[in-house]
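# Survey of secondary and tertiary structure
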Amino acid sequence: MIIYGVGILAFCYVVGQIFGEFIGKLIGVDANVGGVGFAMILLILINDWLKKKNYLDTSTEKGILFWSQMYIPIVVAMSATQNVKVAVSSGFMAILAGIVPVLICIAVIPFLAKISKSSQID
Amino acid sequence: MEIISKFLEKNGIVFTFLVVSLIIYFSELISVKATNKKIPGSAIAIIIGLFLAYVGGVATGGEKGIADIKIFSGFGVLGGSMFRDFAIVSTAMGASFIVIKRTGWAGVISLFLGITLSFIGGVFIALLWGYHDAISLTTIGAGACTYIVGPVTGAAIGASSDVIALSIAAGVVKAVFVTIGTPFIAKYIGLNNPHTAMVYGGLMGTTSGVSAGLAATDPKLVPYGALTATFYTGLGCLFCPSLLFIIMKIVFV
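Residues numbered from 1 in each chain as written. Chains lettered and ligands numbered in written order. Predicted model: local features only at pLDDT ≥ 70, side-chain atom pairs only at ≥ 80, totals over all residues.

## Structural notes on the interface of chain A and chain B
Interfaces are often described in size by the accessible area the parts lose on coming together. Keep this limit in mind: The contact rule is simple: place each C-beta atom from the backbone, and if two of them lie within 7 Å, those residues are in contact. Starting at the N terminus, helices and strands are each numbered in turn, a helix being any DSSP run of H or I of at least four residues and a strand any DSSP run of E of at least two. Nonpolar residues are Ala, Val, Leu, Ile, Met, Phe, Trp, Tyr, Cys and Pro. Charged residues are Asp, Glu, Lys and Arg, and all others, Gly as well, are polar.
Taken residue by residue, the interface counts 65 residues in chain A and 92 residues in chain B. Among the secondary structure elements, those contributing two or more residues to the side of chain A that touches chain B are helix H1 (2–26), helix H2 (35–52), helix H3 (58–69), helix H4 (71–79), helix H5 (84–89) and helix H6 (92–121) of chain A. The greatest single-element share of the side of chain A that touches chain B, amounting to 21 residues, is contributed by H6(A). Residues of the side of chain A that touches chain B, tallied by class, amount to 46 nonpolar, 15 polar and four charged.

So this is what it looks like as structure tokens:
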């Protein structure tokens, strides 16, 4: 049933996010640390396990896949709710302070990708 | 008219499904007819979204873009962090654990490098604009990480509210810039595989920017970029008001 898939996804989300909240508390930070990341890893592991045990039927899978298909529409809604006015009207300094760091980081990507890729072949 | 607008307000999220589906439909149309599929439909849809956010902000003076216009308040729910994170988690279904494990350490390096480089970049710009005290410099540098790290750091070290506002603005500019820029720079930096996507997510860090940018580039890359980016804000909130602030205090008294 589709709801089983949604339920599995919700389980991963809840467990991962709460874990992220606790890690944040633990290191004394007022933010969720990696909650989504933990949830994703949990989903990958559960999905793997269910497939091996043959518990996963297509309709259960559809409950999860529906949400990954809804991802882009959600992103469109998210971008429509960003504070773009502040970004545009906050003056040149804020614009540069937002863009320059991105350019610096872009510059090191090929380098980082290369050193980590070459070590994979070993 | 009033009956309609009241109805739309009450049924916000369903009305949002309708509006977003129309935006995506027209974006696909523009993508095929006007750009010969050179610019992906999702990239056009996201840019339309940002444009609507600007219109909403100007029309209402609020902070939540189009969602501040009452009949479009459903955008705030569908585009809020709960549905966004829920949908991001679901994309992990298509991710390969082997790739993640293999790229793991590059992702960790990219996180620390991303926070440090963004911070330095922000501090550098703040210096050019005449800020010389460690508190303001640290807050603006933190804002260059993400728009959450900026205010969290500023509040922790006692920055003035205008500097905190600046740091938020810098973070928002970053998110918007990464959203729009990613599909265009992707081919120049080799952003076409899960491996580079993980490095990219760690370096850029803005979850909204990275996930939207990758969605417009190649939806298959989203889980990898999002996986590393999700650690960035937390780590930034950890390092900016502590280690990086201490370094700034030593350098700028």
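## Focus: the nonpolar core
In summary, soluble globular proteins display a tendency toward joint burial of nonpolar side chains. Quick note on the threshold: Joined through C-beta atoms within 7 Å, a set of buried Ala, Val, Leu, Ile, Met, Phe, Trp, Tyr and Cys residues constitutes a nonpolar core. Around each residue's C-beta, the other C-beta atoms within 10 Å are counted; 20 or more make the residue buried, 12 or fewer make it exposed, and counts in between make it partly exposed. All C-beta atoms are placed from the backbone.
With 121 residues, the main nonpolar core has A:Val76, B:Val89 and B:Val173 as its most contacted residues. Take this core: its biggest share by element is 15 residues, from helix H12 (residues 222–252) of chain B. Once you skip the residues sitting within four places of it in the chain, A:Val76 turns out to touch B:Val20, B:Ile23, B:Ile24, B:Ala45, B:Ile46 and B:Gly49.

## Description of unusual backbone geometry
Despite not being glycine, A:Asn54 shows a phi value in the positive range, around 65°. Looking at the secondary structure, you find A:Asn54 in the loop between H2 and H3.

## Concerning the environment of A:Leu56
All names here are of chain A. Residue position: Leu56 is located in the loop between H2 and H3. For Leu56, a count of 19 C-beta atoms within 10 Å gives the class partly exposed. With 44 residues separating them along the chain, Leu56 and Val100 place their C-alpha atoms 47 Å apart. With near-sequence residues (within four places) excluded, Leu56 lies in contact with Leu50, Lys51 and Glu61.

## Focus on the domain arrangement of chain A
The criterion, for reference: Marked domain ranges trace back to an automatic or database domain assignment.
Structurally, chain A comprises domain 1 (1–82) and domain 2 (83–122). Put simply, the middle of domain 1 of chain A and the middle of domain 2 of chain A, counted by C-alpha atoms, are 27 Å apart.

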